[in-house]
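# A structural walkthrough
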Amino acid sequence: MPTIEVPAQLSVEHLMDAVRKLSPDELREFSRQFNRWQEKNGDGEETESALLARVRANTRLSAADQRRFNLLRRKRRSETITESETQELMALWDRVEQMNATRLDALVKLARKRRTDVKTLMRKLGIKENRDVF
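Residues numbered from 1 in each chain as written. Predicted model: local features only at pLDDT ≥ 70, side-chain atom pairs only at ≥ 80, totals over all residues. Heavy atoms only, no water.

What follows deals with the overall build of the protein chain. Helix and strand content of the protein chain: 6 helices and 0 strands. Going residue by residue from the N terminus, the α and β elements of the protein chain occur as α-α-α-α-α-α. Per-residue burial over the protein chain gives 26% buried out of 134 residues. Restricting the contact set of the protein chain to residue pairs at least 6 apart, pairs at least 24 apart contribute 56%. (Helix = DSSP H or I, 4+ residues; strand = E, 2+ residues; numbered from the N terminus. Buried < 20%, exposed > 50% of the residue type's maximum accessible area, 1.4 Å probe, protein only. Contact = heavy atoms within 4.5 Å.)

Pasting the structure below:
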């Protein structure tokens, strides 16, 4: 995690500089936490950009998690998976399902805002139908 100097008076630009220094995984986590905070403390309605960020943040696993997920799925298919690996795979599946649900929730809200249906919105955003996270 990068070390960031914090001036006595924080400006939006200082915050943006700090966010730009985050790794892709840290940025996704920041986005998730910020969106949760915004839902709890905001005006109750997410902006289009916040909804789009939630869709993006929940579209795919990190590269490392994706590789591990693929490996564990192959091991399960070839019946060479251990019990601990099975538990790890199930945890990753749970995470994928949660990400799918979160992404769909954001898509539904965004479609409502744009007065369209989810399928049309997905087509406009270039998201394939039945696209699960992974």
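Our next topic: the layout of surface pockets. Taken as a whole, the second largest pocket encloses approximately 250 Å³ of empty space. In terms of lining, the second largest pocket is formed by 12 residues, of which the most central are Arg32, Arg36, Asn58, Gln98 and Thr102. Broken down by element, the lining of the second largest pocket gets its largest block of residues, 5 residues, from helix α2 (residues 24-41). Here the residues of the lining of the second largest pocket sort into 2 nonpolar, 5 polar and 5 charged. (1 Å grid on protein atoms, 1.4 Å probe; cavity = no way out; pocket = protein on both sides within 12 Å on 5 of 7 lines; lining within 4 Å. Points joined across faces, edges and corners; volume = space filled by probe spheres on them. Nonpolar A, V, L, I, M, F, W, Y, C, P; charged D, E, K, R; others polar.)

Take the confidence of the model for the protein chain next. When the pLDDT values of the protein chain are averaged, the result is 86; 87% of them are 70 or greater. No element of the protein chain has a lower mean pLDDT than α2, which averages 78, and none a higher one than helix α4 (residues 63-77), which averages 95. (pLDDT = per-residue confidence, 0-100.)

Turning to the nonpolar core, a few remarks are in order. Ranked by size, the top nonpolar core spans 8 residues in total: Leu51, Val55, Ala106, Leu107, Leu110, Ala111, Leu121 and Met122. Going through the elements one at a time, α3 (48-57), α5 (83-113) and α6 (118-125) are the ones with two or more residues in this core. Looking at which element gives the most residues to this core, the answer is α5, with 4 residues. Phe69, Leu89, Val96 and Met99 belong to the second largest nonpolar core, which has 7 residues in total. (Core = buried A, V, L, I, M, F, W, Y, C linked by side-chain atoms within 4.5 Å.)

Our next topic: α6. Residues spaced three or four apart along an α-helix face the same direction, because each turn holds 3.6 residues. Of all the positions in α6, only Thr120, Leu121 and Met122 are classed as buried. For α6, the elements touching its buried residues are α5. Backbone geometry just after α6 places Gly126 at a positive phi near 75°.

Glancing now at the packing of α3 against α5. Contact pair α3 / α5: the axes reach a minimum separation of 8 Å and the direction vectors enclose 155°. Relative to α5, the element α3 lies roughly antiparallel. Pair α3 / α5 crosses with left-handed handedness. Residue-level inspection shows Glu48, Leu51, Leu52, Arg54, Val55 and Ala57 of α3 in contact with α5, the latter providing Met99, Thr102, Arg103, Asp105, Ala106, Leu107, Lys109, Leu110 and Lys113. For the contact of α3 with α5, the class distribution of residues is 8 nonpolar, 1 polar and 6 charged. (Axes fitted to C-alpha atoms, helices over the stretch in contact; angles between N-to-C directions. Parallel < 35°, antiparallel > 145°, perpendicular 65-115°, else oblique. Left-handed = near helix turned anticlockwise from the far one by under 90°.)

Here α4 crosses α5 at 125°, and the two axes come no closer than 10 Å. Comparing the axis directions of α4 and α5 gives the class oblique. The chirality of how α4 crosses α5 is left-handed. Seen from α4, the contacting residues are Asp65, Arg68, Phe69, Leu72, Arg73, Lys75 and Arg76; seen from α5, they are Glu85, Glu88, Leu89, Met90, Leu92, Trp93, Arg95 and Val96. Residue classes in the contact of α4 with α5 are distributed as 7 nonpolar, no polar and 8 charged.

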